[in-house]
Amino acid sequence: MMDEEADPQHKRAFRLFRARETVQKMLNNRKYLVSNDETSFDEFKNTFGYPVDKKKLMMMTAKRDDPNERIFVFFPDEEKVDVKSMATYADQMQTQEVRRAILVVEKDISPFARKALAEAAPLFYIEVFKESELLVDITEHELVPKHEVLSQDEKRQLLVRYNLKDSQLPRMYTTDPITRYFGLKRGQVVKIIRSSETAGRYVTYRIVH
């Protein structure tokens, strides 16, 4: 009998289990309303099927402090998402009046789909993550310091307190894994808290560029 962990169906299901778990933690860290209850792999299979029905993995939730700021999470069936699929997700977002979404793809999206994504950016903000990027929560790694996203008011207070301009803050880029994890846009600022043997903790700030 084939060992269960070597079974391709088991591997596929477990990969989706881990990806969805990380997405929920990500949304929680972005201050969206999500359940903090941990789900076992067996519970996941009972809920979403085995093999997994990826349509059931789709979720929509809202910010804890603003119910009008909502986000979709889609798990496309196809290995490589094309323009037609992207249009379907955009239509669903438009119907529900949701401007933001996360696409969790098995491998990638086609070049034409990526172009469509860029063209839709003024109206819809759709983030793309490969499943392989979501198998672990990067913020839980011991070498990754704590990051806190500043509100616009907190950013203004920071700049006034230290008499700084945006351009004087150290930069982090939109391609940075932490920037992508928190779904940050250009101009947003993060507070980075590191442990220090001498000071107890060391705080720095970075602006997304």
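Note that this is a predicted model, so its numbers are computed, not measured.

Cis rather than trans, the peptide bond between Y50 and P51 has omega equal to 10°. With respect to the helices and strands, P51 occurs in the loop between α2 (41-48) and α3 (54-57). Within the chain, K31 stands out as a residue other than glycine whose phi angle is a positive 75°. With respect to the helices and strands, K31 occurs in the loop between α1 (8-29) and α2. K31 sits in the partly exposed class, given a relative accessible area of 49%. Phi at N163 takes a positive value of approximately 55°, unusual for a residue other than glycine. Considering the arrangement of structural elements, one finds N163 in the loop between α6 (152-161) and β8 (171-172).

Right, let's get into the pattern of salt bridges. Tallied over the full model, the rule gives 16 salt bridges. A salt bridge links E106 to R12; the nearest nitrogen and oxygen atoms lie 3.4 Å apart. Of this pair, E106 sits in the loop between β4 (100-105) and β5 (108-109) while R12 sits in helix α1, and the two are 94 residues apart along the sequence. Residues joined by salt bridges that share partners form a network here, namely R12, R15, K54, E106 and E131.

Now for the domain arrangement of the protein. Along its sequence, the protein is carved into domain 1 (4-25 + 32-136) and domain 2 (139-208). Summarising the inter-unit geometry, the C-alpha centres of domain 1 and domain 2 are found 27 Å apart. Summed over the shared surface of domain 1 and domain 2, the number is 2 salt bridges. For the salt bridge of E140 with K25, the shortest nitrogen-to-oxygen distance reads 3.2 Å. Counting across the domain 1 and domain 2 interface gives 4 residue pairs in polar contact (both at pLDDT 80 or more). Among the elements that line the side of domain 1 that touches domain 2, the one with the most residues is strand β6 (residues 125-130), at 4 residues.

Take α2 next. In an α-helix, one full turn covers 3.6 residues, which means residues spaced three or four apart are oriented alike. Residues of α2 that are buried include every one of F41, F44, K45 and F48, and no others. The buried residues of α2 occupy an angular sector of 95° when the element is viewed end-on, so they sit on one face. Turning to α2, the residues buried within the fold contact α1 and α3. Note on α2: the residue one or two positions beyond its end, G49, has a positive phi of about 90°.

Definitions and cut-offs
Residues numbered from 1 in each chain as written. Predicted model: local features only at pLDDT ≥ 70, side-chain atom pairs only at ≥ 80, totals over all residues. Heavy atoms only, no water. Helix = DSSP H or I, 4+ residues; strand = E, 2+ residues; numbered from the N terminus. Buried < 20%, exposed > 50% of the residue type's maximum accessible area, 1.4 Å probe, protein only. Salt bridge = Lys/Arg side-chain N within 4 Å of Asp/Glu carboxyl O. Domains from an automatic or database assignment. Polar contact = N/O pair within 3.5 Å; in protein donor to acceptor, adjacent residues only side chain to side chain. Arc of directions from axis to C-beta. Contact = heavy atoms within 4.5 Å.

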